[in-house]
Each structure stands twice: as C-alpha cells, then as structure tokens.
Amino acid sequence: MTRRDIEFDAEGVTLRGWFYTGEGVSGPAPTVVMAHGFSAVKEMYLDSFAEAFAAAGLNALVFDNRNFGASDGEPRQEIDPWAQVRDYRHAITWATTLDEVDPTRIGIWGSSYSGGHVLVVGAIDRRVKAVVAQVPLVSGSANIGELVRADFRAGFREMFDADRAARFAGDPPAMVPVVDADPMAPSALPTPDSWTWFTETGKDRAPSWRNEVTLRTVEMLGEYEPGTYIGRISPTPLMMVVAREDHLTPAHLAIGAYEHAREPKRLVIVPGGHFDAYVEGFGDASAPARDWFVEHLGG
C-alpha cells in the first residue's frame, strides 16, 4: 500500500496529512477525503480507515485539522467548526489537481465532530458524490444539553463571557481540558470513555495530541447545528453509522436527524459505544463505509 506525506494551502494556512493510493488502480481513481473529530489527530486510527478504503481501490486523502497535529494554524488547539468545513472543501479542491484523482468521483468521510462537518459539506458542495458520517455530532446545543448538567451551564456562560472580555483586552484565549479523569470536572468531553480513549490512544499512537482546547472552542460547539443541513444532502448518497450505546454523540440524536435525510440513504447501527468504531468495532464501522463508497464512486 502506497502512502505519502502531503501538504496543501487552505487560503493561507498549510494543512498536512497523508495520501493513500488505491490498490490495483491505474489512472484517475475515486477518492475519499477524511479528517478527524474533536481535537483528534490523524494518527488516532484514521490510517486504519484509509487503509481499508485503499485496499478496495479508493484513494484516501487524510489531513489534520487546522490548529492541530501536523497542520499549521493559530490559535493552536482551537476548533472553529466552520473553518473545518471550509477546509474539507479546500482539501477537495487540492485533491482534484492530482493526476491520481478522478474529480467526478469524490467522497467524504467524517467521524464524531467531523461526522457533522460532512453533513454540511455534502449538502453545500456538489462535487461530493458520496457521504459517510460516522457517530456524528448533529446538534451542538442538544449535545451539550445531554452532557452538561443544567446547573453547570450558567457557570460555563460566565466563563465564556469572561474569556471574551479578556481576549478583547489582549489576553490569550483561555484553555480547558478536552477530557478529565473526573467526569464532574470542567472539560469539553465529560464522559469516562472519552478520558480512556483519548489518553490511551494519545499515549500509544499520537504523541502530538494535546489534552486542551480553547474555551471558545466549547462555545462554538454549542452554536453548531450541522443536522439542519441533512435534508439538503440528497440526491448525494448518505450513509450514517451510529453506535448503539453512544452517549457522547447520543445515538438517539443521530437517528432522529437521519429521519430528516432524503434518499438515497442508509443507516447502519453498530454495537458498542462512541469509540468502539475505531478499535473493537472497526470492521463493523469500516466495511459498510467502504462498500458504500465503492457502490457510489466505483472502485
């Protein structure tokens, strides 16, 4: 399997990643554009998905989101969901300049936060011919409502307002942990399985991952509503992969959003929780996605 390091310009910010060439392919081939979810970097199992797609004759373009991992961008560790949506589109544009890529057969894959991004990109960018959204965030406000106790939310609002005033005065952005061993402590993703997966995966596979994001990142999360775009994806084929026991991006929210999608679409429900799709349930999640891309892009 052939993989090379790549970099491309995203309107002044250099994004870096990997390009996998589809096995057994000669000439321009279908290509899947991929980025990771909330604060994660490409080494956190995106190589596994890209390899599965490449083995089926699909090119895969994997990149780190701006401000994270190998990509440039400031402020570091800040997630602006709309900037990440635009970067998917920059990645598509760059991919279409490559001799290995058939520009008429572009698919997009995203997971968790980027699972929400591909819903938006699939709705607004008609260069995309197939979409797979794995364990996606569909509503920032609803997700925060599920994860953060009501009596804690006023405290977060006070923190957001204080941070905004401090930034206006010239101070650097306030930071907050992505995860914490204590789910009651302030963090962006306050679930025990988030703590386990991020800390263990960061240690074992991704030393560039950092356990912090800007506080403003959490505020922007609550403002982001990618599920409102889902009805506009059709006629582009959409697959949604939902983990039955997912309580980080709750399964019932994703399934509710899926009901508003139009055909062609397919819902795949896999066993386990949010992070099982990357490891224990990798085959359950990757095989349907691979087959969906092969069916709708060729391979």
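None of the values given here were measured: they were computed from a predicted structure.

A.B. asks: Quick rundown of the layout of surface pockets? Include the residues and the values.
C.D. replies: By volume, the largest pocket is sized at about 320 Å³. For the largest pocket, the lining is made up of 23 residues, of which Ile144, Val148, Val218, Leu221 and Gly222 are closest to its centre. If you list the elements that add at least two residues to the lining of the largest pocket, you get helix 4 (140-147), helix 5 (150-168) and helix 7 (215-223). It is helix 7 that provides the largest number of residues to the lining of the largest pocket, a total of five residues. Taken together, the residues that form the lining of the largest pocket break down as 14 nonpolar, five polar and four charged. When its volume is computed, the second largest pocket comes out at roughly 160 Å³. Along its surface, the second largest pocket is lined by Tyr45, Asp193, Thr196, Trp197, Glu200, Thr201, Phe275, Asp276, Val279 and Glu280. A class-by-class count of the residues in the lining of the second largest pocket yields four nonpolar, two polar and four charged.

A.B. asks: Residues and numbers for helix 2 (residues 81-95), please.
C.D. replies: Here helix 2 is 15 residues long and its end C-alpha atoms lie 21 Å apart, about the 21 Å a rise of 1.5 Å per residue gives. Taken together, the buried positions of helix 2 are occupied by Pro81, Ala83, Gln84, Val85, Asp87, Tyr88, His90, Ala91, Ile92, Trp94 and Ala95. Where helix 2 starts, the residue carrying a side-chain oxygen 3.0 Å from the main-chain nitrogen of tryptophan 82 turns out to be aspartate 80.

A.B. asks: Which residues make up the sheet that holds strand 6 (residues 128-134), and what values go with them?
C.D. replies: Sheet strands pair by backbone hydrogen bonding; their relative direction is either parallel or antiparallel. Taken in spatial order, the eight strands make up an open sheet running 1-2-4-3-5-6-9-10, and their pairing is mixed. Single-partner strands in this sheet number two, and they are strand 1 (2-10) and strand 10 (265-270). Ignoring strand direction, the axes of neighbouring strands in this sheet form an average angle of 20°. Bridge count for strand 2 (residues 13-21) against strand 4 (residues 59-63) is four bridges, and the pairing is antiparallel. Within strand 4, the position partnered with tyrosine 20 by the bridge is alanine 60. Sheet contacts for helix 2: strand 1, strand 2, strand 3 (29-35), strand 4, strand 5 (101-111) and strand 6; angle to strand 1, the most-contacted strand, approximately 115°. Taken strand by strand, helix 8 (residues 251-258) contacts strand 9 (238-243) and strand 10, and its axis lies near 160° from that of strand 9.

What counts and how
Residues numbered from 1 in each chain as written. Predicted model: local features only at pLDDT ≥ 70, side-chain atom pairs only at ≥ 80, totals over all residues. Heavy atoms only, no water. 1 Å grid on protein atoms, 1.4 Å probe; cavity = no way out; pocket = protein on both sides within 12 Å on 5 of 7 lines; lining within 4 Å. Points joined across faces, edges and corners; volume = space filled by probe spheres on them. Helix = DSSP H or I, 4+ residues; strand = E, 2+ residues; numbered from the N terminus. Nonpolar A, V, L, I, M, F, W, Y, C, P; charged D, E, K, R; others polar. Expected span 1.5 Å × (residues − 1). Buried < 20%, exposed > 50% of the residue type's maximum accessible area, 1.4 Å probe, protein only. Polar contact = N/O pair within 3.5 Å; in protein donor to acceptor, adjacent residues only side chain to side chain. Pairing = 2+ DSSP bridges. Axes fitted to C-alpha atoms, helices over the stretch in contact; angles between N-to-C directions. Contact = heavy atoms within 4.5 Å.

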